[in-house]
Amino acid sequence: MSFEREEYGFLAEIGVGPTNSGCYINGQWKARGSIVASLNPSNNQRIAEVVEASVEDYKEGMVACSEAAKMWMKVPAPKRGEIVRQIGEAFRAKLESLGRLVSLEMGKILAEGIGEVQEIVDMCDYAVGLSRQINGSIIPSERPNHMMFEMWNPLGIVGVITAFNFPCAVLGWNACLALVCGNCVVWKGAPTTPLVTIAVTKLVAEVLEKNNLPGGIFTSFCGGAEIGEAISKDTHIPLVSFTGSSQVGLKVQQIVKERFGNCLLELSGNNAIVIMNDADIGLAVRSVLFAAVGTAGQRCTTCRRLLIQESIYETVLNQLTGVYQQVKIGDPLEKGTLVGPLHTRASKENFEKGIEIIKSQGGKILVGGSAIESEGNFVQPTIIEISPDAPVVKEELFGPVLYVMKFQTFEEAVEMNNSVPQGLSSSIFTQRPDLIFKWIGPHGSDCGIVNVNIPTNGAEIGGAFGGEKATGGGREAGSDSWKQYMRRSTCTINYGDELPLAQGINFG
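Enquirer: How should the overall build of the protein be read in this particular structure?
Expert: In terms of regular secondary structure, the protein is built from 13 helices and 24 strands. For a compact globule of 508 residues, the expected C-alpha radius of gyration is about 23 Å, and the protein comes in at 24 Å, within 12% of that figure. The principal-axis extent of the C-alpha atoms belonging to the protein is close to 80 × 70 × 35 Å. Counting contacts in the protein only where the partners sit at least 6 residues apart, residues at least 24 apart contribute 72% of the total.

Pasting the structure below:
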């Protein structure tokens, strides 16, 4: 059986066919759920079919995963790092074709699709080094002939539920760390990007098979809410990483916390860029363009609010509207395209509904504001002048919609930046050291990512990624994020023959 369109033939290079089993359990591909079609958002035509996982598939997979966890946590961390190194090499070898699939199925431009796969490669490299650096502290004991220190041990199994906008990179943030920390991984990919889930899993599975390791170390499911709910409720999974909306994330957190599990939440963003009157305006405008229209505004770190100091408001706006007019919208796989389609028909409909709500709340459209008539899910990148007090400004409209507002003082800009429920990313453009250090200090931005003279998006993997407030508080990728994937024990050893008690207590 062949693909309906000749240009999809490259998918065979990464193990994707016209019909696919969407469940990898115990080292085997099988699935007993419903059949779904993966659609190309550029034309809403079918790419391929996938048989989704059933709840029975999930239960079977978790039996094998639990058995594999007993073995995997005993493997020395540097040996686990070697397996992750090989996984990184497997992704490096398929960088172009897998990146092309990400672009095809998700809708982001090819450069961003390849960049997303590169992010997994980078995370693998990072995790390999980490595998020789997982260590705890030596703590001075107040008691003679006693030693106190920290031990870090694997949790066992980590559940990862990812979203459509980064269908493989977020898996990389979690799985690379989880694996070197000694955990097995259970992954539910986004239901609208099942082909990416399958292709990524096949690369990981090949490495496990080549090393004669149990397939249960990495289990993956294509499926809907019932699989996500099963992961959330499963007492065998101490940690669940969830990426998605604040509304769904809150429900996941409540379910996981009811069983005393832990969550890593990467939820909604409502990110602002502040441009002060001393900023390099050319640099700022280029940054806003990438931050606001990149990935068609479907990044959690997309710039959704632009705050411009009043004295330069018209100058910045004139330059920005000028570059917006030059943005090429079209097939994300075509050279020169900067903005591809929104991911689904529903996303396009939400954009249109959002524009009407914005207008009803006094928003003035300066650029764009319409869906584009086509078979695909294309919309115009949009700039809207609006009051910061409009209720719609507090919400996240997942598309290329940029609200512009003016302010007079730095303090007013900080207050506007912090006035929304979300707290993911933020950036200020200024040359003044005093404002820079106020911005990153305790009375500055309240976000988890606080930038200066760069966009709100495009984070590097070396830093911890995540946000505050309704963004969820989770931290993934770099820095000391690895600690969340392990169980910390404080250990005290008495190597003497006396029993002195802490705090000088004399007991009998």
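Once you've had a look at it, read on.
Enquirer: What is the right way to read the nonpolar core from this model?
Expert: Generally speaking, a soluble globular protein has its nonpolar side chains buried in company with each other. Counting residues in each nonpolar core, the largest one holds 95 residues, and the members touching the most others are L11, Y58, F91, L98 and L101. Take this core: its biggest share by element is ten residues, from helix 5 (residues 169-180). Look past the residues within four positions of F91 in its chain and what remains in contact with it is L98, V117, I120, V121, V200, L203 and V204. Among the nonpolar cores identified, the runner-up in size contains 54 residues, and A292, F351, A390 and M405 belong to it.

Enquirer: For this particular structure, what's the right way to read the packing of aromatic side chains?
Expert: To describe a pair of aromatic rings, one takes the distance between the centres and the angle between the planes. Going through the model one piece at a time under the given rule, you end up with six aromatic pairs. With a centroid separation of 5.3 Å and an interplanar angle of 45°, the aromatic rings of Y58 and F221 are classed as tilted. Of the two residues, Y58 sits in helix 1 (residues 55-72) while F221 sits in strand 10 (residues 218-221), which places them 163 residues apart along the sequence. When its relative accessible area of 5% is taken as the criterion, Y58 is described as buried. Taking the centre distance of 4.6 Å and the plane angle of 45° together, the rings of W173 and F465 count as tilted. Of this pair, W173 sits in helix 5 while F465 sits in strand 21 (residues 464-465); the two residues are 292 residues apart in sequence, bridging distant segments of the chain. Classification of W173 by relative accessible area gives buried; the value is 8%. The ring of F10 is capped by R100, whose NZ or CZ atom sits 5.5 Å from the centre of that ring.

Enquirer: Would you mind going over helix 11 (residues 345-360) with me for this structure?
Expert: Helical periodicity: at 3.6 residues per turn, an α-helix aligns residues three or four positions apart in one direction. With 16 residues, helix 11 extends 23 Å between its outermost C-alpha atoms, agreeing within 8% with the 22 Å of an ideal straight helix rising 1.5 Å per residue. When helix 11 is considered as a whole, its buried residues turn out to be S347, K348, F351, G354, I355 and I358. Here the buried residues of helix 11 occupy an arc of 120° about the axis, which is enough to place them on one side. Of the exposed residues in helix 11, those oriented more than 90 degrees away from the buried face are K353 and S360. Each element contacted by the buried residues of helix 11 is listed here: strand 15 (364-367), strand 16 (382-385) and strand 17 (401-407). Immediately downstream of helix 11, the backbone of G362 shows phi near 95°, a positive value.

Enquirer: I would appreciate a short explanation of the pattern of salt bridges in the present structure.
Expert: Side-chain pairing between opposite charges can occur once the charged atoms of the two side chains come close. With the rule as written, the count across this model stands at 18 salt bridges. Between E150 and R488 there is a salt bridge; the shortest N-O distance is 3.4 Å. Here R488 lies in strand 24 (residues 486-494) and E150 lies in strand 7 (residues 146-154), a separation of 338 residues in the sequence. The salt bridge involving R432 is made with D434; its shortest N-O contact spans 2.7 Å. Via salt bridges that share partners, K30, R32, D57 and E60 belong to a single interconnected network.

Enquirer: Looking at this structure, how should I read helix 5?
Expert: Taking 1.5 Å of rise per residue, the twelve residues of helix 5 would be expected to cover 16 Å, and the 17 Å separating its terminal C-alpha atoms lies within 8% of that figure. Taken residue by residue, helix 5 has A169, V170, L171, G172, W173, N174, A175, C176, L177, A178, L179 and V180 as its buried positions. Directly beyond the C-terminal end of helix 5, a positive phi value near 95° is found at G182.

Enquirer: Hey, could you run me through the environment of G15 in this one?
Expert: Looking at the element boundaries, G15 is found in the segment before strand 1 (19-21). Taking relative accessible area as the criterion, G15 reaches 27% and is therefore assigned partly exposed. Sequence separation between G15 and L203 is 188 residues, and the spatial gap between their C-alpha atoms is 8.7 Å. The residues touching G15, leaving out its near neighbours within four places in the chain, are N20 and K202.

Enquirer: Can you help me understand the side chain of N20 in this one?
Expert: Along the chain, N20 falls in strand 1. Judged by relative accessible area, N20 falls into the buried class, the value being 6%. For N20, the residues in contact, after removing those within four places along its chain, are G15, A48, E49, V50, V51, L195 and I198.

Enquirer: I keep staring at the side chain of K188 and nothing clicks. Help me out?
Expert: Tracing the chain through its elements places K188 in strand 9 (residues 184-188). E52 is the oppositely charged side chain nearest to the buried, salt-bridge-free K188, at an N-O distance of 7.4 Å. For K188, the contacting residues outside a window of four places in its chain are V160, I161, T162, F221, G223, G224, I227, G228 and I231.

Enquirer: Looking at this structure, how should I read the state of the cysteines?
Expert: For the structure on display, the rule yields zero disulfides. With no disulfide partner, C176 has as its closest neighbouring cysteine sulfur the one in C124, 3.6 Å distant. Free of any disulfide, C300 has its nearest cysteine sulfur in C447, 12 Å distant. You can call C300 buried: its relative accessible area is 16%.

Enquirer: Just checking my understanding: could you explain unusual backbone geometry for this structure?
Expert: Glycine aside, residues mostly have negative phi angles, and peptide bonds mostly take the trans form. Of note in the backbone geometry, N212 takes a positive phi value of approximately 55° without being a glycine. Within the secondary structure, N212 is located in the loop between helix 6 (194-210) and strand 10. By relative accessible area, which is 71% here, N212 ends up exposed. Backbone geometry at N453 places phi at a positive 60°, although glycine is not the residue there. With respect to the secondary-structure elements, N453 resides in the loop between strand 20 (449-452) and strand 21.

Here is what the cut-offs are and how they apply
Note that residues are indexed from 1 along each chain, following the sequence as it is written. A pLDDT threshold of at least 70 governs which residues receive local features in this predicted model, and a stricter bar of 80 or more applies before side-chain atom pairs are shown or counted, although totals over entire chains, interfaces and linings include all residues. Computation of side-chain values: all heavy atoms of the structure, hydrogens and water removed. The helix and strand labels rest on DSSP assignments: H or I over at least four residues marks a helix, E over at least two residues marks a strand, and numbering proceeds from the N terminus. We compute the radius of gyration over the C-alpha atoms and compare it with the globule rule, which gives 2.2 Å times the number of residues raised to the power 0.38. By definition in these notes, contact holds between two residues if any of their heavy atoms fall within 4.5 Å. Residues grouped as a nonpolar core are buried Ala, Val, Leu, Ile, Met, Phe, Trp, Tyr and Cys residues, joined through side-chain atoms within 4.5 Å. Accessibility here uses a 1.4 Å probe with only protein chains present; expressed as a share of the type maximum, an area under 20% marks a residue as buried, one over 50% as exposed, and anything in between as partly exposed. Working definition: rings of Phe, Tyr and Trp (its six-membered ring) pair if their centres are within 6.5 Å, and the pair is stacked with planes under 30 degrees apart, edge-to-face with planes over 60 apart, and tilted otherwise. Whether a charge sits over a ring comes down to the Lys NZ or Arg CZ being within 6 Å of the ring centre and within 35 degrees of the ring normal. Under the convention used throughout, the expected extent of a helix is 1.5 Å for every residue step, that is, one less than its residue count. The directions from the helix axis to the C-beta atoms form the arc being described. A side-chain nitrogen of Lys or Arg and a carboxyl oxygen of Asp or Glu constitute a salt bridge if their distance falls within 4 Å. A residue counts as positive if it is Lys or Arg and as negative if it is Asp or Glu; His and the chain ends are not included. Any cysteine sulfur atom paired with another within 2.5 Å is treated as part of a disulfide.

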